[in-house]
Structure formats: C-alpha cells, structure tokens
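This is what each chain is made of:
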Amino acid sequence: MPASFYILALFTIMSAFCAMSLRNLVHCALCLALAFLGIAGLFLYLNAGFVAFAQILVYVGAVAILIVFAILLTRNAEKNEAKATSSLFFSIPLTVAIAAILLNAGFSTSLRSSATAATAPSVRELGTLLMTSYVVPLEIIGVLLTVALLGAIVLALPERPEAT
Amino acid sequence: MSPLQAYLGVSAILFAIGFGGVVTRRNAIVVLMGIELMLNAANLNFIAFWKFGITNNAAGYVFVLFSIAIAAAESAVGLALVILIYRHYKTTNIDETTRLHG
C-alpha cells in the first residue's frame with residue numbers, strides 16, 4: 001500500500017476518534033465531517049468515484065449540516081453536562097473486544113489478493129443497473145425516503161395544545 | 001498486508017470507534033453520530049469487497065448507494081426525535097429520559 005493511503009487512513013481514524021471524544025459538540029460535528037471526507041477519499045482510492053461523490057454530497061453536505069442544526073437547536077442542553085460519559089467500566093472493554101474481533105476477522109480473510117480487480121461501472125451503466133436489476137430496491141428506497149422525511153417533519157412540528 | 005486487509009482494518013477501527021461513542025457518550029446527538037460512523041465503516045467494507053471480490057458484478061457498489069440513502073433517512077428521523085425529546089425534557093442526555101422505565 002502506498003504511504004498516502006496510510007496518511008489518509010490515519011487522518012480518517014483520528015478525526016473519527018476526535019468526533020467521538022471531544023467535549024464541545026460543534027467540534028464533534030466538524031471532526032465528523034472531516035471523517036466523512038476521509039472515507040470519501042478512501043472510496044476514491046478504491047476507484048469508486050460515484051460513491052465517493054455521493055458520500056461527499058450526502059454526508060459532508062447534508063448529514064453534517066443536519067447534525068450542526070440539531071446541536072444548535074438543542075444548544076443550552078449541554079450546560080449541566082458535568083459528566084458527559086456513562087460508566088466506562090463495561091463500555092471500554094466491550095469496545096476493545098469488538099475492535100479485536102473485527103480486526104482478527106479482517107486480517108484472517110482468505111481473500112488474499114486482488115485477482116480480479118473490479119472496474120467501476122460508469123454512470124450510464126449504473127443507471128441501467130438501477131433501472132433493471134435493482135429497480136425494486138430503488139423503488140423501496142424512494143418510498144422509504146418519502147415516509148422518513150414526512151415522519152421527520154411531523155415529529156418536529158410544534159405540538160398542538162391538549163384540546164383534541 | 002494485502003490491500004483488502006488494510007481496508008478491512010481501517011473499517012474495523014472506524015466501526016469500533018463509532019461503537020465506543022455510542023456506548024460511552026450520553027448526548028443523543030453524539031450517539032447518532034456514532035451510528036453514522038458505524039454505517040460508514042460498513043459502506044467501506046462493501047466497497048472493499050466489491051473491489052477485491054471474486055465475482056465481477058456491481059452489487060456491492062450499488063448497495064452502498066442504497067445504504068447511503070437509508071442512512072440519510074435514518075439521520076433525519078433520528079435528529080427530529082432528538083429535537084422532540086429536547087422539547088419535552090429540556091435535555092438531550094439519554095440517561096435522563098427514563099419515563100418508559102416503568
């Protein structure tokens with residue numbers, strides 16, 4: 001692997017760690033956007049250009065901004081947050097165990113080499129695939145997105161008084 | 001270390017970091033951020049297996065697009081729920097929202 005891969009991977013992991021460990025929530029959201037950018041870079045390394053740009057559009061563009069909005073709307077909730085973490089007695093060993101299991105599984109894979117390096121489908125091929133082989137998941141995703149966004153709007157509407 | 005193993009390692013570390021954030025932090029927004037990180041780690045696995053996989057079809061590639069769409073829907077609903085919880089309880093601390101404990 002080239003050295004630039006390790007730099008990018010280290011950057012992604014460090015920003016993800018900062019996003020999960022910093023105290024200031026706005027700093028957390030900014031570090032999370034950096035981690036998303038790093039993952040988009042890793043996608044580019046894997047020749048998955050369309051996914052990388054979808055990642056930048058959706059995650060860095062939309063999800064990170066949505067998180068920042070939620071943080072700003074719940075702004076004064078963190079005043080009395082003297083203790084920001086739950087008990088670390090069980091959670092830290094659990095996290096380390098999950099990391100060990102996943103790393104062991106990843107490093108002991110039998111898929112050793114890139115025998116058939118897949119070529120990325122062009123946008124035209126991708127559109128054809130989405131409209132033929134994957135048309136049912138595509139339609140379900142469309143319905144799911146509509147329902148989820150309507151649900152989010154209904155949830156966040158100001159509540160009527162108790163007179164029903 | 002083969003390229004596939006390198007990507008799987010990065011993905012495993014990212015997943016563990018997201019999981020650690022979910023189980024240690026008390027702020028609901030940070031918990032949602034951890035879930036997003038775990039979804040991203042899974043997407044990285046999808047793309048790595050697509051790239052270095054045995055069959056030469058685009059299933060892993062297309063499924064990442066679906067996964068990104070589902071993650072966007074999930075974060076929209078989750079953050080609306082966080083705002084609703086904040087409106088009721090004046091806090092986003094998930095340890096204090098215990099009304100359903102019974």
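Residues numbered from 1 in each chain as written. Chains lettered and ligands numbered in written order. Predicted model: local features only at pLDDT ≥ 70, side-chain atom pairs only at ≥ 80, totals over all residues. Heavy atoms only, no water.

1. Re the overall build of chain B
Item 1. If you tally the helices and strands in chain B, you get three helices and zero strands.
Item 2. Radius of gyration (C-alpha) of chain B: 17 Å, far over the 13 Å computed for a compact globule of 102 residues.
Item 3. Principal-axis analysis of the C-alpha atoms gives chain B an extent of 50 × 25 × 20 Å.
Item 4. Here chain B holds 102 residues, and the buried ones make up 64% of them.
Item 5. Counting contacts in chain B only where the partners sit at least 6 residues apart, residues at least 24 apart contribute 58% of the total.
Item 6. Accessible surface, chain B: about 3700 Å² in total, of which carbon and sulfur atoms supply 68%.
Item 7. Once the 6 positive and 4 negative side-chain charges of chain B are each reduced to a mean point, those two points are 4 Å apart. (Helix = DSSP H or I, 4+ residues; strand = E, 2+ residues; numbered from the N terminus. Rg over C-alpha atoms; globule rule 2.2 N^0.38 Å. Buried < 20%, exposed > 50% of the residue type's maximum accessible area, 1.4 Å probe, protein only. Contact = heavy atoms within 4.5 Å. Areas by Shrake-Rupley, 256 points an atom, 1.4 Å probe, with all protein chains shown as cover. Lys, Arg positive; Asp, Glu negative; His and termini not counted. Charge placed at Lys NZ, Arg CZ, Asp CG, Glu CD.)

2. Quick word on the interface of chain A and chain B
Item 1. If you look at the interface, chain A gives 86 residues, while chain B gives 72 residues.
Item 2. Together chain A and chain B conceal approximately 7100 Å² of surface at their shared face, both sides included; 75% is due to carbon and sulfur atoms.
Item 3. The interface formed by chain A and chain B contains zero salt bridges.
Item 4. Run the count over chain A and chain B and you get seven residue pairs in polar contact (both at pLDDT 80 or more).
Item 5. Residue assignment for the side of chain A that touches chain B shows that the elements contributing at least two residues are helix H1 (3–21), helix H2 (25–45), helix H3 (49–73), helix H4 (88–107), helix H5 (123–131) and helix H6 (135–156) of chain A.
Item 6. Ranked by residues supplied to the side of chain A that touches chain B, first place goes to H3(A) with 13 residues.
Item 7. Here the side of chain A that touches chain B is built from residues that sort into 64 nonpolar, 17 polar and five charged. (Buried area = accessible area lost by both parts, 1.4 Å probe. Salt bridge = Lys/Arg side-chain N within 4 Å of Asp/Glu carboxyl O. Polar contact = N/O pair within 3.5 Å; in protein donor to acceptor, adjacent residues only side chain to side chain. Nonpolar A, V, L, I, M, F, W, Y, C, P; charged D, E, K, R; others polar.)

3. Observations concerning the nonpolar core
Item 1. Core analysis: the largest hydrophobic core is formed by 61 residues, its most contacted members being A:Val51, A:Ile67, B:Val10, B:Leu14, B:Leu37, B:Ile47 and B:Tyr61.
Item 2. For this core, the elements supplying multiple residues, two or more each, are H1, H2, H3 and H5 of chain A together with helix H1 (3–24), helix H2 (28–52) and helix H3 (59–89) of chain B.
Item 3. Residue contributions to this core peak at twelve residues, all from H2(B).
Item 4. Taken together, domain 1 (1–76) and domain 2 (121–159) of chain A each give at least three residues to this core, which thus spans both. (Core = buried A, V, L, I, M, F, W, Y, C linked by side-chain atoms within 4.5 Å. Domains from an automatic or database assignment.)

4. Points about the packing of H2(A) against H2(B)
Between two packed helices, both the angle of their axes relative to each other and the distance between the axes serve to describe the pair.
Item 1. Running from amino to carboxyl end, H2(A) crosses H2(B) at an angle of 5 degrees, the nearest separation of the two axes being 11 Å. Between H2(A) and H2(B), the interaxial angle falls into the category roughly parallel. Contacts from A:Leu25, A:Cys28, A:Ala29, A:Leu32, A:Ala35, A:Phe36, A:Ile39, A:Leu42 and A:Phe43 in H2(A) reach B:Val30, B:Met33, B:Glu36, B:Leu37, B:Asn40, B:Asn43, B:Leu44 and B:Ile47 in H2(B).
Item 2. Per-class residue counts for the contact of H2(A) with H2(B) are 14 nonpolar, two polar and one charged. (Axes fitted to C-alpha atoms, helices over the stretch in contact; angles between N-to-C directions. Parallel < 35°, antiparallel > 145°, perpendicular 65-115°, else oblique.)

5. A look at the packing of aromatic side chains
Residues and elements named next belong to chain B.
Item 1. Across all of its chains, the model carries ten aromatic pairs over all chains by this definition.
Item 2. Centre to centre, the rings of Phe63 and Phe66 are 6.0 Å apart; their planes meet at 75 degrees, and the pair counts as edge-to-face. Of this pair, Phe63 and Phe66 both sit in helix H3, three residues apart, which is roughly one turn of that helix.
Item 3. What makes Phe66 buried here is its relative accessible area of 8%.
Item 4. The lysine or arginine in question, Lys90, covers the ring of Tyr86, its NZ or CZ lying 5.7 Å from the ring centre. (Phe/Tyr/Trp six-rings, centres within 6.5 Å; stacked < 30°, edge-to-face > 60°. Lys NZ or Arg CZ within 6 Å of the ring centre and 35° of its normal.)

6. Quick word on the side chain of B:Ser75
Item 1. Mapped onto the elements, B:Ser75 comes out in helix H3.
Item 2. For B:Ser75, a relative accessible area of 3% puts it in the buried group.
Item 3. When sequence neighbours within four positions are dropped, the list of residues in contact with B:Ser75 reads A:Val63, A:Leu66 and B:Glu36.

7. Focus: the environment of A:Leu144
Item 1. Looking at the secondary structure, you find A:Leu144 in helix H6.
Item 2. When the C-alpha atoms of A:Leu144 and A:Val63 are compared, they prove to be 17 Å apart, with 81 residues separating the residues in sequence.

8. Focus on the packing of H4(A) against H1(B)
Item 1. Relative to each other, H4(A) and H1(B) sit at 165 degrees, their axes nearing to 9 Å. Accordingly, the angle class assigned to the pair H4(A) and H1(B) is roughly antiparallel. Handedness of the H4(A)/H1(B) crossing: right-handed. Contacts between H4(A) and H1(B) involve A:Leu88, A:Ser91, A:Ile92, A:Leu94, A:Thr95, A:Ile98, A:Ala99, A:Leu102, A:Leu103, A:Gly106 and A:Phe107 from the former and B:Gln5, B:Leu8, B:Gly9, B:Ala12, B:Ile13, B:Phe15, B:Ala16, B:Phe19, B:Gly20, B:Val23 and B:Thr24 from the latter.
Item 2. Tallied by class, residues from the contact of H4(A) with H1(B) come to 15 nonpolar, seven polar and no charged. (Left-handed = near helix turned anticlockwise from the far one by under 90°.)

9. Structural notes on the environment of A:Ala64
Residues and elements named next belong to chain A.
Item 1. One can find Ala64 in helix H3.
Item 2. For Ala64, a relative accessible area of 7% puts it in the buried group.
Item 3. Taking the C-alpha atoms as reference, Ala64 lies 15 Å from Thr74; in sequence the two are ten residues apart.
Item 4. Leave out the neighbours within four places in its chain, and Ala64 touches Ala33 and Tyr59.

10. Re the confidence of the model for chain B
Item 1. Per-residue confidence for chain B gives a mean pLDDT of 88; residues scoring 70 or more make up 99%.
Item 2. In the predicted complex, the global pTM is 0.88; the interface-specific ipTM is 0.91. (pLDDT = per-residue confidence, 0-100.)

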